[in-house]
Amino acid sequence: YKQLNDANAAYYHIKTLELKEAHKEKPFWAWFFEQPLWIVWWVTTGFGMQLPWILAWCLGINLFFTLLYCLRGNLKPASQPDDTFKLRILDFPKRYFTEAVPEHKVCGMKQLSSMFWFSAVVLMKVGHRTQVIEGKVVGIDYKWIVRLEWLIGLYLLAALSFTLQNVVPVVNKLVTGVF
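Not measured: the values here are computed from a predicted model.

Quick look at a nonpolar patch on the surface
Reasoning step 1: Taken together, the side chains of F85, L87, I89, V126, L151 and L154 define a hydrophobic patch exposed on the protein surface, amounting to about 550 Å² of accessible area.
Reasoning step 2: Counting only elements with at least two residues in the nonpolar patch, the list comes to strand 1 (74-87) and helix 6 (142-167).

A look at the pattern of salt bridges
If charged atoms from side chains of opposite charge come close, those side chains can pair.
Reasoning step 1: Under the counting rule described, the total for this entry stands at one salt bridge.
Reasoning step 2: The closest approach of N and O atoms between K76 and E134, which form a salt bridge, is 3.9 Å. Here K76, found in strand 1, pairs with E134, found in strand 2 (residues 126-134); they are 58 residues apart in sequence, far enough to count as distant.

Things to note about helix 4 (residues 51-72)
Turn by turn, an α-helix covers 3.6 residues, leaving residues three or four places apart pointing in a common direction.
Reasoning step 1: The terminal C-alpha atoms of helix 4, which comprises 22 residues, lie 33 Å apart, in line with the 32 Å expected from a rise of 1.5 Å per residue.
Reasoning step 2: Within helix 4 the residues assigned to the buried category are L51, I54, C58, I61, N62, F65, T66, L68, Y69 and C70.

Remarks on the packing of helix 4 against helix 5 (residues 109-124)
Reasoning step 1: With their axes 8 Å apart at the nearest point, helix 4 and helix 5 run at an angle of 125 degrees to one another. What the angle tells us is that helix 4 and helix 5 run oblique. Every pair of crossing elements has a handedness; the one defined by helix 4 and helix 5 is right-handed. Mapping the contact onto sequence places C58, L59, I61, N62, L63, F65, T66, L67, Y69 and C70 in helix 4 and L112, M115, F116, F118, S119, A120, L123 and M124 in helix 5.
Reasoning step 2: Taken together, the residues that form the contact of helix 4 with helix 5 break down as 15 nonpolar, three polar and no charged.

Describing the packing of aromatic side chains
Reasoning step 1: Summed over the entire model, instances satisfying the criterion amount to five aromatic pairs.
Reasoning step 2: Between Y69 and F118, the aromatic rings sit 5.5 Å apart at their centres with planes inclined by 70 degrees, giving edge-to-face as the arrangement. Of this pair, Y69 sits in helix 4 while F118 sits in helix 5, and the two are 49 residues apart along the sequence.
Reasoning step 3: Using a relative accessible area of 6% as the deciding quantity, one classes F118 as buried.
Reasoning step 4: Residues F116 and W117 carry aromatic rings whose centres are separated by 5.2 Å and whose planes lie at 85 degrees to one another, so their mutual orientation is edge-to-face.
Reasoning step 5: Clustering of aromatic rings is evident, with ring pairs tying together F64, F65, Y69, F118 and Y142.
Reasoning step 6: Directly above the aromatic system of W144 lies the positively charged group of R147, at a separation of 4.5 Å from the ring centroid.

Description of unusual backbone geometry
Reasoning step 1: Its identity as a non-glycine residue notwithstanding, K125 has a phi of 65 degrees, on the positive side.
Reasoning step 2: Among the secondary structure elements, K125 is positioned in the loop between helix 5 and strand 2.
Reasoning step 3: Exposure remark for K125: the relative accessible area of 1% places this residue in the buried category.
Reasoning step 4: The phi dihedral of V138 falls on the positive side, at around 50 degrees, and the residue is not glycine.
Reasoning step 5: Topologically, V138 is positioned in the loop between strand 3 (136-137) and strand 4 (140-141).
Reasoning step 6: Accessibility expressed as a relative area gives 79% for V138, which makes it exposed.

What to know about the packing of helix 5 against helix 6
Reasoning step 1: Two elements in contact, helix 5 and helix 6, have axes whose closest approach is 6 Å; the angle formed by their N-to-C orientations is 60 degrees. When the axes of helix 5 and helix 6 are compared, the pair comes out oblique. Residues F118, S119, V122, L123 and M124 of helix 5 form the contact with helix 6, whose participating residues are V146, E149, W150, I152, G153, L156, L157 and L160.
Reasoning step 2: Residue composition of the contact of helix 5 with helix 6, grouped by class: 10 nonpolar, two polar and one charged.

Brief notes about the nonpolar core
Reasoning step 1: Residues I54, Y69, F118, I133, I145 and V146 are the most contacted members of the largest nonpolar core, which totals 28 residues.
Reasoning step 2: Taken together, the elements giving at least two residues each to this core come down to helix 4, helix 5 and helix 6.
Reasoning step 3: Considering every element that reaches this core, the biggest residue donor is helix 6, with nine residues.
Reasoning step 4: Setting aside residues up to four positions removed in sequence, F118 forms contacts with Y69, L75, Y96, Q131, V132, I133 and V146.

Quick notes on the rules
Residues numbered from 1 in each chain as written. Predicted model: local features only at pLDDT ≥ 70, side-chain atom pairs only at ≥ 80, totals over all residues. Heavy atoms only, no water. Patch = residues over 30% accessible without salt bridge, like charges linked within 9 Å, V, L, I, M, F, W, Y side chains within 5 Å. Areas by Shrake-Rupley, 256 points an atom, 1.4 Å probe, with all protein chains shown as cover. Salt bridge = Lys/Arg side-chain N within 4 Å of Asp/Glu carboxyl O. Helix = DSSP H or I, 4+ residues; strand = E, 2+ residues; numbered from the N terminus. Expected span 1.5 Å × (residues − 1). Buried < 20%, exposed > 50% of the residue type's maximum accessible area, 1.4 Å probe, protein only. Axes fitted to C-alpha atoms, helices over the stretch in contact; angles between N-to-C directions. Parallel < 35°, antiparallel > 145°, perpendicular 65-115°, else oblique. Left-handed = near helix turned anticlockwise from the far one by under 90°. Contact = heavy atoms within 4.5 Å. Nonpolar A, V, L, I, M, F, W, Y, C, P; charged D, E, K, R; others polar. Phe/Tyr/Trp six-rings, centres within 6.5 Å; stacked < 30°, edge-to-face > 60°. Lys NZ or Arg CZ within 6 Å of the ring centre and 35° of its normal. Core = buried A, V, L, I, M, F, W, Y, C linked by side-chain atoms within 4.5 Å.

Structure follows, in structure tokens:
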């Protein structure tokens, strides 16, 4: 375990130094537009070495979409609910919204909790698919917001998997086949 931590720390510091070196040679804006993936990878996962960072991003984005859904959204039972708890990578966003425009309800604690779990299933692609959302916020239909959350979730799921593989020794052994 200690050796893996030391290797992770060394890798993180090497990547941070490479990032600083690349930044020194050019103005920030020129460098930023040439290296956007470095920035995204560093900010969200600390180059795949900072598990708390990616967990905070997952929770923060989930809360953001939860609040966005609470503004004008309405959850209703899905026409074809799936009560099984399973991986939902292949459940495309169209299964999570309807076209109807509801009358808005005040978002209480029960509704907020339901919105949180709905958002978590869309974002992290794991769970029950029993509800769909309907409505518009600021003239934007929730189907576009669900699609955006679903796409962001694809990146977060990959980043979380990569970071877990790098940081947690048991996951590292399972992935590398040493276990």
